[in-house]
Amino acid sequence: MTNYKYIGKSAARVDGIAKISGAARFVDDLDFGPNLLFAAIVESSVAHAIIEKIDASEAEKMVGVVKVVTGKDFPYRFGLYMHDRYILAQDRVRFVGEQVAAVIARDPKTAKKAAKLVDVKYKELSPILNIEEALKEKSVLIHPELKDYTHVPWFFPKANTNVAHLRKVRKGDTNKAFQEADFVFEDTYTVPRYAHCAIEVHGAIGLFDHSGRLTVWTASQSPHTQRHLFAEALAPLGLSHKDVRVITPYVGGGFGGKAGVSMEILGAALATAVKGNPVKILWSRAQEFYNTYQRQGLTAKIKLSCKKDGTITAIQNNLFWDAGAYVEYGANVVNAAGLSATGPYRIPNIEINSYCIYTNLPPGGPYRGFGYSEFLFGLESQINEAAKKIKMDPVEFRKKNAIRSGDKLSYGASMNQSGLAEAIEKAAEAIEWGKDEKSNDPQKAIGKGFSLFWKAPAMPPNASSTAFLKFNEDASLNILVSGMEIGQGYQTVMAQIAAEVLTVPPEKIRIENPDTDRNPYEWQTVASHVTWGCGNAVKRAAEDAREQIFDLIERALDKDRDSLFLKDEMVMSKKEPGFKLPLKNFVIAGIGKDDGTFRGGPIVGRGMFMPEFASALSDPETSQGGKPNVHYTVGASAIKIEIDKETGKIKIPKVVLAVDVGKALNPDLIKGQVTGGLLQGIATVLYEDMRFDEKGKLLNPNFADYKIPTAMDIPDEIVSILVEVPQPDGPFGARGVGEHTMIPAAPIIANAVEDALGIRIKSMPITAEKIVLELKKQGLFEQTKEEYIDNK
Amino acid sequence: MSILQDFDYFKPTTIEFAIDLISNNKNATILAGGTDLIVNLKEGTATPEIVVDIKSLKDLKKIEFKDNCLIIGALVTFTDLLESVVIKEKFPLVWEVSKTVASVGIRNRATMVGNICSAVPCLDSGPLLCVYEADVNVRSSKGKRKIPIKDWFLGNKKTALKHGELVTHISIPFPNQKTGGCYVRLGRYCGEDLAQVNVALLAFANNAYRIAFGAVAPTPLRANKIESFLNGKKINDHLIEQAKELIPDEISPITDIRATKEYRMHMAKVMFERGIKTAVERLNGDGLEYGESLV
Amino acid sequence: MKKKITFLLNSETRSIEVESGDILLDVLRDKLGIKTPKIGCDMGDCGSCTVMLDGKTVKSCLVLALEVEGQEVTTLEGLMKDGMTPLQQTFHDFNSFQCGFCTPGMVLSATELINKNPKPNRKEIQEALSGNLCRCTGYIPIIEAVEDLIGKGKGEGKEKG
Ligand code: FES
Ligand code: FES
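The shown structure was predicted, so the numbers you read here are calculated from the model rather than taken from an experiment. (Residues numbered from 1 in each chain as written. Chains lettered and ligands numbered in written order. Predicted model: local features only at pLDDT ≥ 70, side-chain atom pairs only at ≥ 80, totals over all residues. Heavy atoms only, no water.)

1. Here we look at the overall build of chain A
The line we're drawing: Strands are runs of DSSP state E lasting at least 2 residues, helices are runs of H or I lasting at least 4, and numbering of each runs from the N terminus. Throughout, the radius of gyration refers to the C-alpha atoms, and the reference size of a globule is 2.2 Å times the residue count to the power 0.38. Should any heavy atoms of two residues lie within 4.5 Å, those residues are counted as being in contact. For accessible areas, the Shrake-Rupley method is used with a probe of radius 1.4 Å. Any residue's cover is judged against the shown protein chains and nothing else. We score Asp and Glu as negative and Lys and Arg as positive, and we do not count His or the chain ends. One atom stands in for each charge, and that atom is NZ of Lys, CZ of Arg, CG of Asp or CD of Glu.
Assigned secondary structure in chain A consists of 18 helices and 30 strands. Relative to the compact-globule value of 28 Å for 792 residues, chain A shows a C-alpha radius of gyration of 28 Å, a close match. Long-range pairs, those at least 24 residues apart, make up 79% of the contacts in chain A with a sequence separation of at least 6. In the structure as shown, chain A presents an accessible area of about 26,400 Å², 50% of it carried by carbon and sulfur atoms. Looking at charge distribution, chain A has the averaged site of its 97 positive side-chain charges lying 1 Å from that of its 98 negative ones.

See the structure below:
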């Protein structure tokens, strides 16, 4: 094993001091002077309607109001993967809270007051609030123009329906397999919508100056993608990419919610309406809930067959996604989930249909896990049920069917090498699987649950990353990249990678947040791909700098190039033990010759990475043929819970997550991802969910009723186990891991509840209330109660 | 976000002036901790013309125990209650309730008087004050008035407070014999949450019991039937089972976003059972320490 | 209604004119340039706007600017008059933050706790921090940092670098 100096060490965060000292600036912390204008949004009060008239005359009369704009001012469609979205609603509104008009004023108070004065007349259409309604033969169409929308070639919209995309995967012969199987299990599982709840809300400040330059400051995971979408959407105004600049300071949490473009388009567009003045738009917590991306709801109908010996023979998985009013990003969640809905299992016969369905609810979109958490709930619940019914230990059953390196994936490509088997072993061991545990308290039941998980980055095949690396006079470094530090520790890991190659310690490396004018291209900080993709780019940039250094030493000092190496910020030579040239002596100044001339000059490295082997093209009917996923990160997770049988309340004494990270570049930061991700996942199972009324209005757009966990709601113990089977094309063998830590939360808990009480909850969340009501329904409650009294 | 509504702000230094202000203005609101009021102002659900900040009325900031009666002034915060020795020693149930209110940053501002003035069905102080048979003391230009807690809550967010009246303090008579108390509160998780059901219980040495529920009706309410059923009896499992059967006659929970009526009803029984047992155990000098959650 | 208020902000007397409806959080951020209290919910639910008012933490989004007349307001900026506090240092060593947005509020709440109760147990720590939401860390590294600071940690104070 290679001995690394910086890789694999828990280096201190390079953004640490800035954050703990409060020096870190977030978008709302930036100052723009007295000229700053503020925008407030006029929101749709109904879920589905034709806009008949907008009367802004009262608002316009108010002192301090600068301008009121409506959809007419921006008749453009835009979107990431499909152009189905608008800057401001055009002739129709499609969800409660949708932006219909914007009031720009001198101060936020005036803007808000004036927004209330804008009168919008609607002709209501019947709202489609669930998938059943949306799929009905004669259902109202939410996007009648669907067939005209531009979209990526791997989407298949169904014209004149509410199905925006259908991903089909076919392999083998499921019908035959079901007929021949010893056991067939069929069930339906549902998952509601969820909110990211980054503590920082979305915000954007746009400035369109008189020279025609548009600068937008945003809280974003995707500066370059935002620039691209802004430039594309506003191209009719004569803007080209070079005119658009996106600056992204520190981000107060993303979790997918700040990927792509949601409300930020308003910052860009409104600025063009008030040329020369910066204009700010900051979402309220309520808007954060109902008008950014939400995690989509899912109904999964799963049919699974296996042989007596426990071999899974076939799966049919119909995934119906409630994707909301606009699916420009969300449709790719549907796509990614469809491709991987077998979970990390080797299954010869596969039939998957993943439906992206328009509804009159807020737009769905990316959320940490990108669809995998949702389908895994049903799949791993079903796997557990199957194991139990055929009287096989659920962990054994999983081991037997777990996917192995080289196996053919559902779409025909090969599975990458992975440490799944090791992860299963270790997770089972850590939770003491098989050891029967009983509570001393007769009121309490103990249960254990297990689940495998996997996820691949969902990204276009040409998603790429770039890095510039600049040496300074003292051999410290500035690295320019456009990945976002959203808390995961990305900047630190990039510094470690460069440090390892160049032997400059991470403390001497500074990485600033991106400015698309200065920092080179990065697709987006999503999909757990930046450690891998951008890590490769940074490594290449560092190697590029190193090669330039060696070239120079060879050229200026006539050393044997092949024997040169870097150590402790110096160039050394294997041939000449006495040769030690500190980097700081020449990385800017160059190397002086006897005649007073110099060779070299500032060293600037450049690195780029694009997965040139990936392709999203495949047979639309079967998905066979492409290589849409670059690799999977896999693992296993286990939990021990204690349920109070009377109250349904769940306590978590211990939860374990074993994940194959390829190579742990910074173990402490990964541990942070495990702890934070698991808690976020656990909360989606135990407390969170979005509730809508019968008119499509969100009932809990606040932390008072959308309960995210507090410091009192944590497991007693979280064990993170890092397995390291290297990813050959990853930087030092690393793979991404940011999302994976929350993916298995739902099935481990569902399976543990079943283990403890014998009840199978098939809808999330699994609240205390749901457990009690289920126990009552099954008549189990009274029984346990009597038992309880008897026991006394 | 600043408040959209314009209002005048006063911070009187005498009670008289405060009362003057609220009696001479139709649309005046008292501001103490503000943890409720500011939210309402921001949401536009409160639209006063004047806001009277009473935090300079130092007399209202006292916790006092005299003549066997506890006085909790209108400016006493939940943190003050938690830090008071008298409360911890003589009224541990008040302490236990205070500890469940929101979180530190709120408890440092929010007052118990403010809590009962908000009169939301899920308020924490309601059941507590019911079992202590506390009085709400108000003052107006016409003089002073004592309102028994049972007459205080008139409905969801409605109290017996009249125009021009200011609540000066709550008074809680010290029980004339030994008691054990218990407060059980159901939230969706351990962290800050609005109670979905709450129940306060006091068990007296002479086998008398006082029980009050919250969040299961528009106002907090005493469980009179259960109290008379249990009166004079020593608690045992069988008795509790019988008493639980009476709960549906006492409370009328509803289904809302926080819980269904079915679960509320179920939990009211469980909480009653656990609460009464603990109250009795505490009366007898053992049982869980005050402040430990039972659900 | 405009009114002038005078109060102590991070040990310095400041006077400023405010409207009756102005919220302390907004005045600090927009008029006085104090940016560490953050807007997370604006309704008292998240704690990212936490400041100390006369030594006690409050949610500054629920305080009218007018209310602090004559009082002392302390923010993270004020705690660091002599550089980072030991608590901040420990937070740093334990990676007690990821995005860092909740951090100023969290530090103030933890500071108030150990000022009041120098040896809190785990439950007391959890309880004291429960009004500060953090979506990133899962809280455990925060709790462990406080435990380490008061000498109750598992002794895994970290070597970084
Ligand atoms: S912003 Fe004040 S508590 Fe959330
Ligand atoms: S570190 Fe991101 S919210 Fe706490």
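There's more to say after this.
2. Brief notes about the domain arrangement of chain A
Residues and elements named next belong to chain A. Note the cut-off: In this entry, domain limits derive from an automatic or database-based domain assignment. Here the buried area means the combined drop in accessible surface, using a 1.4 Å probe, for two parts upon being joined, counting both sides. Any Lys or Arg side-chain nitrogen located within 4 Å of an Asp or Glu carboxyl oxygen qualifies as a salt bridge.
Each domain of chain A was delimited in the assignment, giving domain 1 (36-125 + 202-282), domain 2 (297-406 + 435-459 + 617-786) and domain 3 (464-609). Placing the centre of domain 1 and that of domain 3 at their C-alpha centroids yields a distance of 40 Å. The interface is formed by 22 residues belonging to domain 1 together with 19 residues belonging to domain 3. Taking both partners together, domain 1 and domain 3 bury about 1,600 Å²; carbon and sulfur atoms supply 46% of that area. Along the contact surface separating domain 1 from domain 3 lie three salt bridges.

3. Quick notes on the sheet that holds strand β6 (residues 92-93) of chain A
All names here are of chain A. We apply this condition: Think of it this way: DSSP has to see at least two bridges between two strands before they count as a pair.
With respect to topology, three strands assemble into an open sheet ordered β6-β2-β8, the strand pairing being antiparallel. In this open sheet, the two strands that pair with only one neighbour each are β6 and β8 (119-124). Bridge count between strand β2 (residues 49-55) and β8: six bridges; the pairing is antiparallel. Of the residues in β8, the one forming a bridge with Ala49 is Glu124.

4. With respect to the domain arrangement of chain B
Considered domain by domain, chain B is made up of domain 1 (8-53), domain 2 (58-173) and domain 3 (182-283). Taking only C-alpha atoms into account, the centre of domain 1 of chain B sits 35 Å from that of domain 3 of chain B.

5. Notes on the interface of chain B and chain A
Between chain B and chain A, the contact holds 29 residues from the first and 31 residues from the second. Interface of chain B and chain A: buried area, both sides summed, is about 2,500 Å²; carbon and sulfur atoms make up 54% of it. Its largest share of buried area at the contact with chain A, chain B owes to Leu4, Tyr189 and Ile257 of chain B, together 28% of the area lost on that side. Taken together, the links from chain B to chain A amount to seven salt bridges.

6. Observations regarding unusual backbone geometry
Residues Met764 of chain A and Pro765 of chain A are joined by a peptide bond in cis, for which omega reads -5°. Note on placement: Pro765 of chain A falls in the loop between α16 (745-757) and α17 (768-777). Look at Asp54 of chain C: it is not a glycine, yet its phi comes out positive at around 50°. Tracing the sequence through the fold places Asp54 of chain C in the loop between β3 (50-53) and β4 (56-59).

7. Here's the deal with the packing of aromatic side chains
When we look at a pair of aromatic rings, we describe it by the centre distance and by the angle of the planes. Residues and elements named next belong to chain A. Applicable threshold: Each aromatic pair joins two rings of Phe, Tyr and Trp (for Trp, the six-membered one) with centres within 6.5 Å, and gets the label stacked for planes under 30 degrees apart, edge-to-face for over 60, and tilted for any other angle. Note on exposure labels: buried denotes an accessible area under 20% of the residue type's maximum, exposed denotes more than 50%, and partly exposed covers the range between, all computed with a 1.4 Å probe on protein chains only. Put simply, a charge is over a ring when the Lys NZ or the Arg CZ is close to the ring centre, within 6 Å, and near the line of the ring normal, within 35 degrees.
Tallying each qualifying case throughout the model produces 27 aromatic pairs over all chains. Between the aromatic rings of Phe74 and Tyr76, the centroid separation amounts to 6.4 Å while the plane-to-plane angle is 70°, which identifies the pairing as edge-to-face. Considered together, Phe74 and Tyr76 belong to a single accessibility category, that of buried residues. Considering the side-chain rings of Trp532 and Phe609, the 5.0 Å spacing of their centres and the 85° angle between planes classify their relative orientation as edge-to-face. Placement of Trp532 in helix α14 (residues 530-557) and of Phe609 in strand β27 (residues 604-609) is noted, with a sequence separation of 77 residues between them. The ring centre of Phe732 lies 5.0 Å from the NZ or CZ of Lys539, which sits over that ring. Cation over ring: Lys559 sits above Phe579, and NZ or CZ is 4.6 Å from the ring centre.

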